[in-house]
Amino acid sequence: MSGLVSTRDSERKEVSYLDALLEGLAPDGGLYVPTEYPQIPLKELGLLRWGPYVEIVLEIKKRLVADGIPDADFMALITRAYSPDKFKSMHGNIVPTRPIGKDLFVQNLSLGPTAAFKDMALQLLGQELNYELGRRDKNLLILGATSGDTGSSAEAALKGLDRITLFMLSPAEGMSEFQKKQMGALSGGNIFNVSIEGRFDDCQDLVKEMKKDPEFAMAGAVNSINWGRIASQVPYFVSGYLQVVKEVGEPVDFVVPTGNFGNVLSGYVAKMMGVPIRKLVVATNENDVMARLIRTGFYDPKGMKVTSSPSMDITKASNYERLAHDILDRDPVMVQLYMEEFSRHGRVCLDDYGSGPEAFAERGFFQGTSTHQDRLETIRRVYSDTKIIIDPHTADGVTVAYKTKEDDGVPMIAMETALPVKFENTIREALGFIPLQDERFGWVSSASNDEGFYKMKPDVEELKSHIRRCIEPQKMKKMKMA
Ligand SMILES: *Cc1c(COP(=O)(O)O)cnc(C)c1O
């Protein structure tokens, strides 16, 4: 069992999984990675094949969490995270694969409470955080910024957890009606929404500004650079693998709709742990920085384009640093130099660091891109072949699967990262109609989209006093000692 180190720390000081969970980003600005990838032998993998998903989660996470949460406690957390009142299942499976072509599958990761794959990680992360805070008798203030899915997913995961208070900042303009209504309805108790007159960047800047004040420096984060999120996404790659192979040991390819590089990195961790994954195909939309990087070795973000798969609209992909750490032979000094050059010049080339684009293929990474027109055509094609309606992000993945699938009998799984209910305009454009409303989200259309938000200008002092007003003094005291 192994601890975690920061990608940039040359002293390689080890921290535990639960410390990293509470901390988020490492103090030196690096990201936490395991000192080595724990292994799961094929024989043990085979034993998980016919069991429930929660058993896979326990077996995988036990290997990734060295801090010794007793098995019975861990299983209780996992069972609560993925309980049937939160996750819909198909034939008892909450991460089911369905065929959409010859040796081609989609794996649904969006059956959680907010219909986005982010629920898979955040539900478990919330349980683990609350458990550990209980053991340490501490409370935690979490400050988050969201432009879309992360907000409601984090709120649904942390709602009602007694040790945690969440303030989620979101821009007044730019989020969809559905997203606003979902978040508005989740406010109350330990969940506080703050609507900022400004853009997403203003929200992020406010969070950074707050952390400079010692009173708020200990605030936690639940964004996708948190190692706990990456670790909690590994088990569904294992489950997808076990669902589609004829014999355990045979190879499988995955295609992953990619934004911040968190989801596909979890697939890489599964591969490094010994799951026979052959290819990890990174699918991007018009914001193709990661596809170009894998093709050329140049990390060279351009301005962001707003697309019809908005959760993949990114310029930088923060989690890439974790892969770069492996590519640069786990040398923290090289990682520092590489990331410093990147932040100084806005671009950096692997060739200048003794590596190159071949480093991706060697580790199983391939790429493909998709456009708005591709998304529409793929949504139509999948519907006409199978009657399954996929969302625009999933359509980016399936487009790339159609383009890159080899006809060699190796199964390929495209990850389904959201449900179409959240993106009705694009579905209507593709199909001329929208899917039947899932009864779980029926309430959203009738909810108000104004309630449940405290509105303010991007002013850090006002935000501080708002937070002080909202938190009970008793709770605040324990937070300062966190
Ligand atoms: C967040 C998100 C993505 C991107 O995932 P990353 O882990 O950031 O690469 C893709 N699709 C949907 C629907 C998302 O919400």
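Residues numbered from 1 in each chain as written. Predicted model: local features only at pLDDT ≥ 70, side-chain atom pairs only at ≥ 80, totals over all residues. Heavy atoms only, no water.

On to the sheet that holds strand 4 (residues 104-108), then. With respect to topology, six strands assemble into an open sheet ordered 3-4-13-8-9-12, the strand pairing being mixed. With one partner strand each, in any of the chains shown, strand 3 (97-101) and strand 12 (365-369) form the two edges of the open sheet. Adjacent strand axes in the sheet meet at a mean angle of 30 degrees when their direction is disregarded. With five bridges joining them, strand 4 and strand 13 (residues 412-416) adopt parallel strand pairing. Directly across from Leu104, in strand 13, lies its bridge partner Met412. Its contacts with the sheet place helix 9 (residues 227-244) against strand 3, strand 4, strand 8 (252-257) and strand 13, and it is angled at close to 135 degrees to strand 8. (Pairing = 2+ DSSP bridges. Helix = DSSP H or I, 4+ residues; strand = E, 2+ residues; numbered from the N terminus. Axes fitted to C-alpha atoms, helices over the stretch in contact; angles between N-to-C directions. Contact = heavy atoms within 4.5 Å.)

This brings us to the packing of aromatic side chains. Inspection of every chain in the model, using the stated rule, returns 16 aromatic pairs. Aromatic pair Tyr320 and Phe360: ring centres 6.4 Å apart, planes at 35 degrees, arrangement tilted. Here Tyr320 is found in helix 12 (residues 320-327), whereas its partner Phe360 is found in helix 14 (residues 358-362), with 40 residues between them in sequence. Summarising the burial analysis for this pair, Tyr320 and Phe360 share the class buried. One aromatic cluster is present, built from ring pairs that chain together Tyr37, Phe261, Tyr268, Tyr299, Tyr320, Tyr338, Phe342, Tyr353, Phe360 and Phe365. Seen from the ring of Tyr402, Arg381 lies directly overhead, with NZ or CZ sitting 3.4 Å from the centre. In this arrangement the basic side chain of Lys387 is found over the ring face of Tyr383, its NZ or CZ atom lying 4.9 Å from the centre. (Phe/Tyr/Trp six-rings, centres within 6.5 Å; stacked < 30°, edge-to-face > 60°. Buried < 20%, exposed > 50% of the residue type's maximum accessible area, 1.4 Å probe, protein only. Lys NZ or Arg CZ within 6 Å of the ring centre and 35° of its normal.)

Bringing the nonpolar core into the picture now. Proteins that are soluble and globular tend to have nonpolar side chains buried together. Ranked by internal contacts, the top residues of the largest apolar core, which has 103 residues, are Tyr82, Phe261, Tyr299, Tyr320, Tyr338 and Phe365. When neighbours within four sequence positions are excluded, Phe261 is seen to be in contact with Val282, Met290, Ala317, Asn319, Tyr320, Leu323 and Phe365. Core analysis: the next-biggest nonpolar cluster, separate from the first, contains 21 residues, Ile100, Ile379, Ile389 and Ile390 among them. (Core = buried A, V, L, I, M, F, W, Y, C linked by side-chain atoms within 4.5 Å.)

With that settled, consider the site of the ligand. Taken together, 15 residues lie near the ligand, and Lys118, Asp149, Gly259, Asn260 and Asn263 sit nearest. Between Asn263 and the ligand, the recorded distance is 2.8 Å, taken from a backbone N or O atom to an oxygen atom. The class makeup of the residues in the shell around the ligand is five nonpolar, eight polar and two charged. (Near = heavy atom within 4 Å. Polar contact = N/O pair within 3.5 Å; in protein donor to acceptor, adjacent residues only side chain to side chain. Nonpolar A, V, L, I, M, F, W, Y, C, P; charged D, E, K, R; others polar.)

Look at any regular strand and the pattern is simple: side chains alternate between the two faces of the sheet. Among the five residues of strand 4, five are classified as buried, and the element is accordingly described as predominantly covered. Burial along strand 4 is two-sided: the residues Leu104, Val106 and Asn108 and Phe105 and Gln107 are all buried. In terms of strand pairing, strand 3 meets strand 4 through four bridges, oriented antiparallel. Residue Thr97 lies in a different strand from strand 4, and its bridge partner there is Gln107. Counting the residues between successive antiparallel strands, the hairpin from strand 3 to strand 4 contains two residues, one of them, Asp103, with a positive phi of roughly 55 degrees.

A cluster of acidic side chains, namely Asp351, Asp352, Glu358 and Glu362, defines a negative patch on the protein surface. Checked against the element boundaries, Glu358 lands in helix 14. The exposure class assigned to Glu358 is partly exposed, which follows from its relative accessible area of 43%. (Patch = residues over 30% accessible without salt bridge, like charges linked within 9 Å, V, L, I, M, F, W, Y side chains within 5 Å. Areas by Shrake-Rupley, 256 points an atom, 1.4 Å probe, with all protein chains shown as cover. Salt bridge = Lys/Arg side-chain N within 4 Å of Asp/Glu carboxyl O. Lys, Arg positive; Asp, Glu negative; His and termini not counted. Charge placed at Lys NZ, Arg CZ, Asp CG, Glu CD.)

Turning our attention to the packing of helix 4 (residues 71-81) against helix 5 (residues 118-136). Remark: helix 4 packs on helix 5, axes separated minimally by 8 Å, with the N-to-C direction vectors making an angle of 140 degrees. Overall, the two elements helix 4 and helix 5 adopt an arrangement that is oblique. In terms of crossing hand, the pair formed by helix 4 and helix 5 is right-handed. Here Asp73, Phe74, Leu77, Ile78, Arg80 and Ala81 of helix 4 come into contact with helix 5, specifically with Gln123, Leu124, Gln127, Glu128 and Tyr131. Split into classes, the residues belonging to the contact of helix 4 with helix 5 amount to six nonpolar, two polar and three charged. (Parallel < 35°, antiparallel > 145°, perpendicular 65-115°, else oblique. Left-handed = near helix turned anticlockwise from the far one by under 90°.)

Okay, helix 11 (residues 289-296) next. Turn by turn, an α-helix covers 3.6 residues, leaving residues three or four places apart pointing in a common direction. The element helix 11 is extensively covered by neighbouring structure, given that six of its eight residues are classed as buried. Within helix 11, burial applies to Val289, Met290, Ala291, Arg292, Leu293 and Ile294. Structurally, helix 11 contributes buried residues whose contacts are with strand 9 (277-284), strand 10 (298-299), helix 12, helix 14 and strand 12. Once helix 11 ends, the next one or two residues include Gly297, with phi positive near 85 degrees.

The subject of this paragraph is the side chain of Asp326. Residue position: Asp326 is located in helix 12. Residue Asp326 is classed as buried on the basis of its relative accessible area of 8%. Ignoring anything within four residues of it in the chain, the contact list for Asp326 reads Tyr37, Tyr268 and Arg363.

Quick look at unusual backbone geometry now. Most peptide bonds adopt trans geometry, and most residues besides glycine take a negative phi value. Although it is not a glycine, Arg12 adopts a positive phi angle of roughly 50 degrees. Mapping Arg12 onto the fold places it in the loop between strand 1 (4-6) and helix 1 (17-23). Among the residues examined, Arg12 registers a relative accessible area of 26% and is labelled partly exposed. If you check the backbone angles, Arg330 has positive phi at about 55 degrees while not being a glycine. Within the secondary structure, Arg330 sits in the loop between helix 12 and helix 13 (332-345). By relative accessible area, Arg330 is classed as partly exposed at 23%.

This next bit is on the environment of Lys62. Looking at the secondary structure, you find Lys62 in helix 3 (residues 53-64). Note: C-alpha distance between Lys62 and Pro38 (24 residues apart in sequence) is 9.8 Å.

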